[in-house]
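Report on the structure
One letter stands for each residue in the lines below.
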Amino acid sequence: MSRLVFAIALAALLGFAACSSTQRVYDITEVDRPPEYAGDSLVFEAKRARVEYVQPARVTPDVAPDRQYDLLSTALDVSFGFADETVIGTVRHTLTPLRESLNSFYFDAVGMDIESVRQVVDGRDAGVGFEYDSTRLTITPPQPLVIDSTYTFVVEYVAHPTRGAGQGSLGDGGTGLYFIDPTGADPYRPTQIWTQGQAESNRRWFPTWDYPNDRMAFEITITVPDSLVTASNGALVEQTPLADGMRRDHWVLTGDQASYLAAVGAGPFTVVRDSVMSTAGAMLPLAYYLEPQFADAAERIFGETPDMIHFYETHLGVPYPWANYKQMPVRDFTAGGMENTTITMLYEWLQTDERAALDLEGRDLISHELAHQWFGDYVTTKDWANLALNESFASYMEELYLEATQGRDAAQAHGITDRLAYYEQAETLRRPIVWYGYKSPDEMFDRHTYQKGEQVLNQLRFELGDEAFWRGLNRYLTDNALRSVEMADFRQAMETATGRSLRTFFDQWWFQPGHPVLDVEQAYFAGSNLYTVQVVQRQDLSASPTFAFDVDVELNYPSQPKEVRRVHIASADTTLRFRVTEKPTFVRFNEGNWLFAETAYRQPLEETLVQAVEDDEMAGRYDAVVTLSKQELNPQVRAALVQAATGDAHPLVRERAAEALKPYAQIPEVVQTLAALAQNDDTPAVRRAALASLAGPSPQARTVLRAALSDLSYLTQAEAVRLYAEHFRDDAFEAFQPLLGETSWRGSVEEALVETITKYRLGGQAGADYLAQQAGVMHPDDVRLAAIDGLLVLARRDDDIRTFAAQTFVGLVSDLRRDVRRAVATALAEIGDAKALAALERQVAVERDPDVRAALRGAIEQVKKGTTQVGG
């Protein structure tokens, strides 16, 4: 039997002072379990998680490459070969050596043709020796470079961003600079150019020191057709018309940045101007770059940007650090957003129509990327192991902005969602947030860096208090302005600002794997005036620490004000005894939802029932609903869930309650509740949860699901499509007829239709016709690829559809999209239609993508064999 902690009762007996009548802070002292409670058991069965724990290294390795020089400034002059997707550039680097006598040095440069390298001496060019091995440009100057002296080198080059990247002409991922429809042949996409340098991809479009442990001044000159609008880091200082309808735009950044933040964007955008008065006393220009059809939606999409800037400036005490701020959604972006200094790139789907806006508010993404202008751009991680200094902060700023503008409940809902996302990853992997063991920087961009780090900052704020927390952030930004940093710099700033020793906090949360996994059992001992809370840490203590943390416990009474008592827990098995004057209506461990812990609650059912509807915070009601959802079927539980689903003020609670009602969906009262929610709730996510719980073979479910096919929310329509097809297959295709001509945001409804037609083989030839239509060029890639797969599935069972599918695929063999070409090549290899041979051979002769070329050759081989059989 473990030792127990009865700190509250002991504190009361010793007369410890309380800080107020409603909030008391107690020290925790271990005492032996009184003999009168020897028979009471508050012990849980241990949980065994099958998890990979990544331990911190005994000796922290160097993950940053050694610097030979300090790169002081970079001046880029680039134009573009649209036909062959090249960058024609001249880069002028000014640097100072970091060694006594530097005989040679290198720039990162991948997939380039180096035309010339020269050194500028007294205004004149001097040739230098250089070697290039396709990844590094090594320069050997005529004389060794002297430390503390300044030198300028100029490189002329042609960059091939996709060379050696295993990507096609319209490939995605890791190429640094991207051409979207460069020849104007794609009717679905506008011609655009954009860059994505993080983590180490800018080396694919200009030679540089491509690691975040150096910063440099930047200016970029861009030559483009006059029909395109450009954006880059800093301010546009000059535009020069050129012959043949071309134009040069010169952008200059005030201040310096890491090279991965250098960016260029160009396209036929409409620019909507805005501004905000900075706390620095000047008007800060803002610009929103949108595709013309979305220009009228600029206020709806980006209109909160001035308020966000004002919030960050006033709370951080640091004015926005740059001369302006621009936001540019681009096609086929490889991430949700990227915080290039003064010019954030965003994914295209941020541009919504009014119906899509019901499901996607861009607030979190916009506030996240904006926060990076302080956390990531102004102060930058020294290496990718410390990426949390960029991403955890930006993620938490989302939550802080929500709290300030939408209220504490909105912030709690954000935290709950992000914790659940992290816990999902933690089911298989638990690593330190600050982690030097990665093999590729991409491994660091995960839910530990974002969601877990965000919630660790929330825990730190709770333990320090708001005033000290914000004061510490100000100190961190002020002390480290325009510097590259690591976690020790943040700890030092917080300790200096608050006087707190934070080594234990930082070690357990930032540098150790795992998180607290708690079993919390609560009990009231009648006649004793004692309420007991046992807290057992169930994480694997051989691989993860026993966490020490503060937590608030809220005691609610029927006839007196609630009490909130803060306690400190630092052992694996802790029992708290609270002396109470009457039986509480409910006791809530982790009031405020500050504690970052995965918690399972066991409390008297009567308390959980009350908490589910009466807790004054949504997080408390949410936890109670989750606890009730795990109970055996019970009329009282059902009633509480119905009340939460229909009456709670927060949609996340209503959504979770609607999900929890599924086991009760045969009861008429619950059926009526779910039907009403599915049709009338203001929040689409609640309507979808109600549909999923209601779905079944009943006539009422058929009626409600059919009505939901006309829901204003695209995502709710899509859910209704999937559920209707699952339960009412007999008339599903007929029910879907009004949707077959619909175009939805992100193709969400079309993708659901493609999925169900494929899965349930709906509509016969008419279903195949719809799939062929959706495989066409005017649809999102995900829809097109799903439709191609669907046609192949239908072809396996029907010879007529097989012939039709082959004809469709032949028409797509030379499609502009590499993934489409590869998919149809793979499909034709299975179908083996001899009529496809000529088209396959024509395409393989001109195909540039190695993966697609291999798929085409495989299809040609199979067709020539003439032996491929389409299986069932």
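All figures in this text were calculated on a predicted structure; none of them were measured in a lab.

**A few points about the sheet that holds strand 20 (residues 246–257)**
- With mixed pairing, the eight strands of this open sheet are ordered in space as 10-9-14-6-5-17-20-19. Of all strands in the sheet, those with a lone pairing partner are strand 10 (124–127) and strand 19 (235–241), marking the two edges. Here the average twist between neighbouring strands, direction ignored, is 20°.
- For strand 5 (residues 69–81) and strand 17 (residues 216–225), the ladder comprises six bridges, and the chain directions are parallel. Opposite Ala75, over in strand 17, you have Glu219 as the bridge partner.

**So, helix 20 (residues 748–760)**
- The end-to-end C-alpha distance of helix 20 is 18 Å, a good match for the 18 Å that 13 residues give at a rise of 1.5 Å each.
- Among the 13 residues in helix 20, 10 count as buried, and that is most of the element.
- Of the residues making up helix 20, those classed as buried are Ser748, Val749, Glu750, Ala752, Leu753, Val754, Thr756, Ile757, Thr758 and Tyr760.
- Where helix 20 is buried, its residues meet helix 18 (714–727), helix 19 (732–735), helix 21 (764–774) and helix 22 (781–795).
- Arg761 sits one or two residues past helix 20 and shows a positive phi near 50°.

**Some points on the pattern of salt bridges**
- One pass over the structure, following the stated rule, counts 59 salt bridges.
- With a closest N to O distance of 2.8 Å, Glu847 and Arg821 form a salt bridge. One end of the pair, Glu847, is in the loop between helix 25 (837–846) and helix 26 (850–865); the other, Arg821, is in helix 24 (residues 818–831), with 26 residues separating them in the sequence.
- Looking at Glu847, the relative accessible area reads 7%, which means it is buried.
- Between Lys865 and Glu861 there is a salt bridge, and its shortest N-O distance comes to 3.6 Å. Residue Lys865 and its partner Glu861 are located together in helix 26, separated by four residues, close to a single helical turn.
- Overall, Lys865 belongs to the partly exposed group, its relative accessible area being 47%.
- On the basis of relative accessible area, Glu861 is assigned to the partly exposed category, the value being 45%.
- Here the salt bridges do not stand alone but share partners, grouping Asp186, Arg189, Asp332, Asp781 and Arg817 into one network.

**As for the packing of aromatic side chains**
- What the rule picks out here adds up to 45 aromatic pairs.
- Ring geometry for Phe105 and Phe153: centres 5.0 Å apart, planes at 65°, overall edge-to-face. With Phe105 in strand 8 (residues 105–108) and Phe153 in strand 14 (residues 151–159), this pair connects stretches of sequence that are 48 residues apart. The two residues Phe105 and Phe153 agree in class, both being buried.
- Among the aromatic side chains, those forming a connected cluster through ring pairs are Phe375, Phe393, Tyr422, Tyr423, Tyr476, Phe490, Phe505, Phe506, Trp509, Trp510, Phe547 and Phe596.
- When the ring centre of Tyr188 is taken as reference, the NZ or CZ atom of Arg331 above it lies at 5.3 Å.
- One Lys or Arg, Arg408, reaches over the ring of Trp594 and ends 4.0 Å from the middle of that ring.

**What about the pairing of strand 11 (residues 129–132)?**
- One ladder, built from four bridges, connects strand 11 with strand 12 (residues 136–140); its direction is antiparallel. Bridge pairing in strand 12 places Phe130 opposite Ile139.
- Linking two consecutive strands that pair antiparallel, namely strand 11 and strand 12, is a turn of three residues; a positive phi of about 85° is found at Ser134 within it.

**Regarding the environment of Ala612**
- On the secondary structure map, Ala612 appears in helix 11 (residues 605–614).
- Considering only alpha carbons, one finds Ala612 and Leu641, 29 residues apart in sequence, at a separation of 8.0 Å.
- What Ala612 contacts, discounting residues up to four positions off in sequence, is Arg621, Ala624, Val625, Leu628, Ala644 and Asp648.

**Thoughts on the confidence of the model for the chain**
- Summing up the model confidence of the chain, the mean pLDDT is 92 and the portion of residues at 70 or higher is 93%.
- Below pLDDT 50 for its whole length, residues 1–49 participates in 91 contacts with residues either more than four positions away or in separate chains.
- Between residues 867–872, whose pLDDT stays under 50, and residues either more than four places distant or in other chains, the model counts 14 contacts.

About the criteria used
- Residues numbered from 1 in each chain as written.
- Predicted model: local features only at pLDDT ≥ 70, side-chain atom pairs only at ≥ 80, totals over all residues.
- Heavy atoms only, no water.
- Pairing = 2+ DSSP bridges.
- Helix = DSSP H or I, 4+ residues; strand = E, 2+ residues; numbered from the N terminus.
- Axes fitted to C-alpha atoms, helices over the stretch in contact; angles between N-to-C directions.
- Expected span 1.5 Å × (residues − 1).
- Buried < 20%, exposed > 50% of the residue type's maximum accessible area, 1.4 Å probe, protein only.
- Contact = heavy atoms within 4.5 Å.
- Salt bridge = Lys/Arg side-chain N within 4 Å of Asp/Glu carboxyl O.
- Phe/Tyr/Trp six-rings, centres within 6.5 Å; stacked < 30°, edge-to-face > 60°.
- Lys NZ or Arg CZ within 6 Å of the ring centre and 35° of its normal.
- pLDDT = per-residue confidence, 0-100.

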